[in-house]
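Listed below, chain by chain, are the residues.
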Amino acid sequence: GTLPSGVTLKTNGTLSGTPAGGTGGSYPITITASNGIGTNATQSFTLTISDAATHFSVSVPGSSVAGSPFSITVSALDVDNVATPTYAGIVHFTKSDIGAGSSLPSDYTFQASDHGTHTFTNGVTFGTAGSQNVTATDTVTNAITGTSSGVAVSPAAATHLAVNATSPQTAG
């Protein structure tokens, strides 16, 4: 098969080099060894190249109620919008909502078991009605960032009614 740009196969059978950006994908390879006397030995395998993360996708629900937590999913993506399963950076969150009662997940270090995508269950709460969003940013390479689409936050239901009257009251 064909190797990605930047990778070579040496005569001793060693693959070496650094794949060029944008060459992520699967490369089927067959290696045949011959000693000129007996049957050739053949081995096939697939070389998988993952491009580096260039940005995040931040998935949110379309709507929420102020004060109610909801889940978000953050995926590290490469230049071709393909998940980068080897991403192992630390993500930091910011939000458009500065109102009381809003909250975000703490900084999170992606694990190998995340395969480049992690869901933060009930990790975000907005406290202010209106369109709000969440931004995820890598703590080392701040160019790796992504902002969610707007979440339409509706006001929370009233929990009590207070009536204040001055006294004395005069009829009439």
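As the structure is a prediction and not an experimental result, all values here were calculated from the model.

1. Focus on the packing of aromatic side chains
Move 1: With the rule as written, the count across this model stands at seven aromatic pairs.
Move 2: With centroids separated by 6.5 Å and ring planes inclined at 10°, the aromatic side chains of F56 and F110 adopt a geometry described as stacked. In this pair, F56 sits in strand β5 (residues 55–59) while F110 sits in the loop between β9 (108–109) and β10 (117–124), placing the two residues 54 residues apart along the sequence. Grouping residues by exposure puts F56 and F110 together as buried.
Move 3: Through successive ring pairs, a cluster of aromatic residues spans F56, Y87, F93, Y108, F110 and F120.

2. A word on the nonpolar core
Here is a general trend for soluble globular proteins: nonpolar side chains tend to be buried in one another's company.
Move 1: Judged by nonpolar contacts, the single largest core of 22 residues is most densely connected at F56, V58, I72, V74, V91 and F93.
Move 2: Counting only elements with at least two residues in this core, the list comes to β5, β7 (70–77), β8 (90–95), β10, β12 (134–138) and β14 (151–154).
Move 3: Leave out the neighbours within four places in its chain, and V74 touches F56, S57, V58, F93, F110, G116, T117, H118, F120 and A136.

3. With respect to the side chain of D78
Move 1: With respect to the helices and strands, the residue D78 is situated in the loop between β7 and β8.
Move 2: One buried charge, D78, has no salt-bridge partner; the nearest side chain with opposite charge is K10, at 26 Å.
Move 3: The contact partners of D78, leaving out residues within four places of it in the chain, are D51, A52, A53, T54, H55 and T84.

About the cut-offs
- All residue numbers refer to position in the chain's written sequence, counted from 1.
- Reporting in this predicted model follows two pLDDT cut-offs: at least 70 for local features of residues, and 80 or more for side-chain atom pairs to be given and counted; totals over whole chains, interfaces and linings ignore these cut-offs and use all residues.
- With hydrogens and water set aside, each side-chain value is computed from the structure's full complement of heavy atoms.
- Each Phe, Tyr or Trp ring, with Trp reduced to its six-membered ring, pairs with another whose centre is within 6.5 Å; inter-plane angles below 30 degrees give stacked pairs, above 60 give edge-to-face pairs, and intermediate values give tilted ones.
- Think of it this way: any DSSP run of H or I at least four residues long counts as a helix, any run of E at least two long counts as a strand, and we number them from the N terminus.
- Remark: exposure states derive from per-residue accessible area (1.4 Å probe, protein chains only) relative to the maximum for the residue type, with buried under 20%, exposed over 50%, and partly exposed in between.
- Put simply, a nonpolar core is a bunch of buried Ala, Val, Leu, Ile, Met, Phe, Trp, Tyr and Cys residues held in one set by side-chain atoms that sit within 4.5 Å of each other.
- When checking whether two residues touch, look at their non-hydrogen atoms; a contact exists if any pair is within 4.5 Å.
- The positive count covers Lys and Arg only, the negative count covers Asp and Glu only, and His and the chain ends enter neither.
- Any carboxyl oxygen of Asp or Glu that lies within 4 Å of a side-chain nitrogen of Lys or Arg is treated as forming a salt bridge with it.

Bear in mind that shape data such as this cannot, by itself, settle questions of function.
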